[in-house]
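Given next are the chains, with one letter for each unit.
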Amino acid sequence: MTPDAVVPALDLHAVEALRADLAAASYTVEAVTELLGPMAAAALDRDQVVPGRRVVQERWWTEPAAPLVAAFLLGLEVPRRHLEAALPRLGVAGAVRLGLVVAAGSAPADPVRALIDLRPYAAVDAAGSVSWWLASDLGEVATGTALAADHVLGAGGASVMLARATVRGPVGRALDLGTGCGIQALHASRHAGQVVATDISARALRFAALNAALDDVVLDLRLGSMLAPVAGETFDLVVSNPPFVITPPATGLPSYDYRDGGQAGDAVVAELIRTVGSVLAPGGVAQLLGNWEHRRGEPWAQRVGRWVDGSGLDAWVVQREVLDPAEYAETWIRDGGTTPDRDPAAWARAYATWLDDFAAREVEAVGFGLVTLRRPAVAARAGGGSGGRLRRLEEVTGPVHRPLGDHIAAGLAGHEWLRARDDAALGEARLVVPPDVTEERHHAPGAADPSLILLRQGGGFGRTVAASTGLAALVGACDGDLPVGALVAAVSGLLGVPAADLAADLLPQVRELVRDGFLAPAPAAAPTSAAG
């Protein structure tokens, strides 16, 4: 039996026993890291199992979690007696019934081999920290074989990025499109009244069902492609890590349910952007990951901009990474388990096919990023404010060290706030500086005045803005006490500049700072009760 032929069973009593055993064994991310040590744990994060195997084979009879790590993370055969000790309530027989392992015999020394990957998962999103267990198919490094077409992926880097970037305000209904093992649906379950999760793969839904039961979460799981299982319904939040990989179709190359949508180029992402609004409730937000092609003579923002224009929704697209065609081909050929040392001929064929496919469409690079879409709660009013729909397409690279969900939610709210205010209303508003924003001044030796003033953002995308003396003075005075117009007037007096001229210069910049999270509307004052 190949690992990806396994379909986990769903025996709720057995799952409860498994949950209790994993908790008792302290099968957590922290415990696994401590067990393996920093070097082997870091290697495992890079999908390298040799250092970890050396550690656990010396310790699996002394550490409660070691047999679990050996079997479910490192692909080792474990003597039955050691796995029985790690799973006293479920037992090896129960693990066999659940489809977790296969046992060679019933004797204490007989080997037991894992059929799935079962690992602890920990993350921090905009709603706080989470700790779960996740079941998925074993990876290529554990099995030593290429992935099967119906492989069910665990929580990879893209999944974690999406979870960290998702807005986490309370919602009534949430939808996870292409749920896979269910990771986005699990995150959504913490702040949604109901979570629907769809996938084209029946095997993926079985894993999602197991994970939901194991982590004591209720999900509405539906089989079908993209939006088809929820046609006619509406949701307050839609998340999707769709099959966005740009794989040459109908060429004989391996195809995988979790990553390949079967359409030419970036059509899967384009179609999802254009159609996801059909299931968004007023005020609803959709967030998805995607790849898009950079074609010769066509800026990526122009190409993706047409998709978002066709959606009729507010749109904020952030390109996080760009690969050239060769880098992109290498990444995804390796992802499926084909390497130049294992099968040089297959590697060369796949590489050439990928490059030919890109060349046929004059693709010079492939972008990767996050798309946030929103159906406005009310139609934008003509006149006033800073415009109609949000249409923001930008490139922001580099590491992001904090969850982005709150920052994105604040950006959407900031656009709504600005949209409702013309310059006169902005002048009457009171603003504050968020606590993550700092100011940095650079002076030439001996100079009294700074030659450069920088505003730095500690959260969000970690932006840096060069500020004039006037803008820095205005931002420094934004403590919520005085309206923006009064601050402009005060700064104009200090600088000896006409207030109207300074306002014309600073108000557009203030709008940008609100948009990017360097300034925020002051909280409304609490009403005071009348005396007597």
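Going by the structure above, here's the rest.
The present account deals with the structure reproduced in this document. Source: prediction; values computed, not measured.

The pairing of strands in a sheet comes from backbone hydrogen bonds and takes either a parallel or an antiparallel form. With antiparallel pairing, the three strands of this open sheet are ordered in space as E1-E3-E2. Because the sheet does not close on itself, it has two edges, and the strands there are strand E1 (78–79) and strand E2 (101–103). Here E2 pairs with strand E3 (residues 111–114) via three bridges, running antiparallel. For Val-102, the partnering residue across the bridge sits in E3 and is Arg-113.

Here the focus is the packing of aromatic side chains. Per the stated rule, a full pass over the model turns up eight aromatic pairs. With a centroid separation of 6.1 Å and an interplanar angle of 5 degrees, the aromatic rings of Tyr-121 and Trp-132 are classed as stacked. Taken together, the positions of Tyr-121 in strand E4 (residues 116–125) and Trp-132 in strand E5 (residues 128–137) put the pair 11 residues apart, joining distant regions of the chain. For Tyr-121, a relative accessible area of 7% translates into the label buried. The exposure class assigned to Trp-132 is buried, which follows from its relative accessible area of 10%. A centroid spacing of 5.7 Å and a plane angle of 90 degrees characterise the contact between Trp-347 and Tyr-351, whose relative ring orientation is edge-to-face. Taken together, the residues span about one helical turn, with Trp-347 and Tyr-351 both in helix H14 (residues 344–360) at a distance of four residues.

On to the environment of Ala-489, then. Summarising the element assignment, Ala-489 is placed in helix H18 (residues 484–495). For Ala-489, a relative accessible area of 41% corresponds to the partly exposed category. As a C-alpha pair, Ala-489 and Ala-500 span 11 residues in sequence and 8.6 Å in three-dimensional space.

As a further point, take the pairing of strand E13 (residues 391–395). Side chains on a regular strand alternate between the two faces of the sheet. Only one face of E13 is covered, namely the one carrying Arg-392 and Glu-394; the face carrying Arg-391, Leu-393 and Glu-395 has none of its residues buried. Alignment of strand E11 (residues 314–323) against E13, held across five bridges, turns out to be parallel. For Gln-319, the partnering residue across the bridge sits in E13 and is Glu-395.

Another point: the sheet that holds strand E15 (residues 437–442). Pairing within the open sheet is antiparallel, and its three strands lie in the order E15-E16-E17. Pairing within the sheet leaves two strands with one partner each, and these edge strands are E15 and strand E17 (464–467). Within the sheet, the average angular offset between the axes of one strand and its neighbour, ignoring direction, is 25 degrees. Inspection of the sheet shows E15 paired to strand E16 (residues 452–457) by six bridges, in the antiparallel sense. Across the sheet, the residue bridging to Val-437 is Gln-457, located in E16.

Its volume calculated, the second largest pocket comes out at about 330 Å³. By residue number, the principal contributor to the lining of the second largest pocket is helix H15 (residues 405–419), which donates seven residues. Of the residues belonging to the lining of the second largest pocket, the class tally is nine nonpolar, seven polar and five charged.

This paragraph deals with a nonpolar patch on the surface. A contiguous nonpolar surface patch, about 290 Å² in accessible area, is contributed by Leu-494, Leu-495 and Val-497. Summarising the element assignment, Leu-494 is placed in helix H18.

Under the defined criterion, the tally for this structure stands at 36 salt bridges. Note that Arg-168 and Asp-125 form a salt bridge whose closest N and O atoms lie 3.3 Å from each other. Here Asp-125 lies in strand E4 and Arg-168 lies in the loop between helix H8 (157–165) and strand E6 (171–177), a separation of 43 residues in the sequence. A residue is classified by how much of its surface remains accessible, and Asp-125, at 3% relative accessible area, is buried. One salt bridge in this structure joins Glu-233 and Arg-173, with 2.8 Å as the shortest N-O distance.

Our focus in this paragraph is unusual backbone geometry. Even without being a glycine, Asp-216 presents a positive backbone phi close to 60 degrees. Mapping Asp-216 onto the fold places it in the loop between helix H10 (202–214) and strand E8 (220–223). A positive phi angle, close to 50 degrees, is found at Met-226, a residue other than glycine. Relative to the assigned elements, Met-226 resides in the loop between E8 and strand E9 (235–240).

Counted at 1.5 Å a residue, the expected span for helix H1 (residues 12–24) with its 13 residues is 18 Å, and the 18 Å between its end C-alpha atoms agrees. Every buried residue belonging to H1 is among Ala-14, Val-15, Ala-17, Leu-18, Asp-21 and Leu-22, and all of these are buried. Projection of H1 onto a plane perpendicular to its axis shows the buried side chains occupying an angular sector of 160 degrees, all on one side. With respect to the buried face of H1, the exposed residues turned more than 90 degrees away are Leu-12, His-13 and Ala-24.

Where burial is concerned, most of strand E7 (residues 192–199) is hidden: six out of the eight residues are buried. Two strands pair when backbone bridges link them, and E6 and E7 are joined in this way by six bridges, in the parallel orientation. Within the sheet, the bridge partner assigned to Leu-177 lies in E7 and is Thr-198. In terms of handedness, the path from E6 via helix H9 (residues 183–188) over to E7 forms a crossover that is right-handed. Bridge analysis of E7 against E8 gives four bridges, and the strand direction is parallel.

Among the eight residues in helix H4 (residues 66–73), eight count as buried, and that is most of the element. Where H4 is concerned, the buried positions are Ala-66, Pro-67, Leu-68, Val-69, Ala-70, Ala-71, Phe-72 and Leu-73. Immediately downstream of H4, the backbone of Gly-75 shows phi near 70 degrees, a positive value.

In this section: the packing of H15 against helix H19 (residues 499–516). Packed helices, taken two at a time, are described by the angle their axes make and the gap between the axes. At a minimum axis distance of 7 Å, the contact between H15 and H19 shows a crossing angle of 145 degrees. Touching His-407, Gly-411, Trp-417 and Leu-418 of H15 are Arg-511, Val-514, Arg-515 and Asp-516, all from H19. Residues that form the contact of H15 with H19 fall into these classes: three nonpolar, two polar and three charged.

As for its position among the elements, Asp-260 is in the loop between E9 and helix H11 (267–275). At 2.5 Å, the side chain of Asp-260 forms a polar contact with the side chain of Thr-247. Apart from residues lying up to four places away in sequence, Asp-260 is in contact with Pro-243, Val-245, Thr-247, Pro-254 and Ser-255.

Reading the values: the criteria
- Residues numbered from 1 in each chain as written.
- Predicted model: local features only at pLDDT ≥ 70, side-chain atom pairs only at ≥ 80, totals over all residues.
- Heavy atoms only, no water.
- Pairing = 2+ DSSP bridges.
- Helix = DSSP H or I, 4+ residues; strand = E, 2+ residues; numbered from the N terminus.
- Phe/Tyr/Trp six-rings, centres within 6.5 Å; stacked < 30°, edge-to-face > 60°.
- Buried < 20%, exposed > 50% of the residue type's maximum accessible area, 1.4 Å probe, protein only.
- Axes fitted to C-alpha atoms, helices over the stretch in contact; angles between N-to-C directions.
- 1 Å grid on protein atoms, 1.4 Å probe; cavity = no way out; pocket = protein on both sides within 12 Å on 5 of 7 lines; lining within 4 Å.
- Points joined across faces, edges and corners; volume = space filled by probe spheres on them.
- Nonpolar A, V, L, I, M, F, W, Y, C, P; charged D, E, K, R; others polar.
- Patch = residues over 30% accessible without salt bridge, like charges linked within 9 Å, V, L, I, M, F, W, Y side chains within 5 Å.
- Areas by Shrake-Rupley, 256 points an atom, 1.4 Å probe, with all protein chains shown as cover.
- Salt bridge = Lys/Arg side-chain N within 4 Å of Asp/Glu carboxyl O.
- Expected span 1.5 Å × (residues − 1).
- Arc of directions from axis to C-beta.
- Right-handed = clockwise from strand over helix to strand, strands pointing away.
- Contact = heavy atoms within 4.5 Å.
- Polar contact = N/O pair within 3.5 Å; in protein donor to acceptor, adjacent residues only side chain to side chain.

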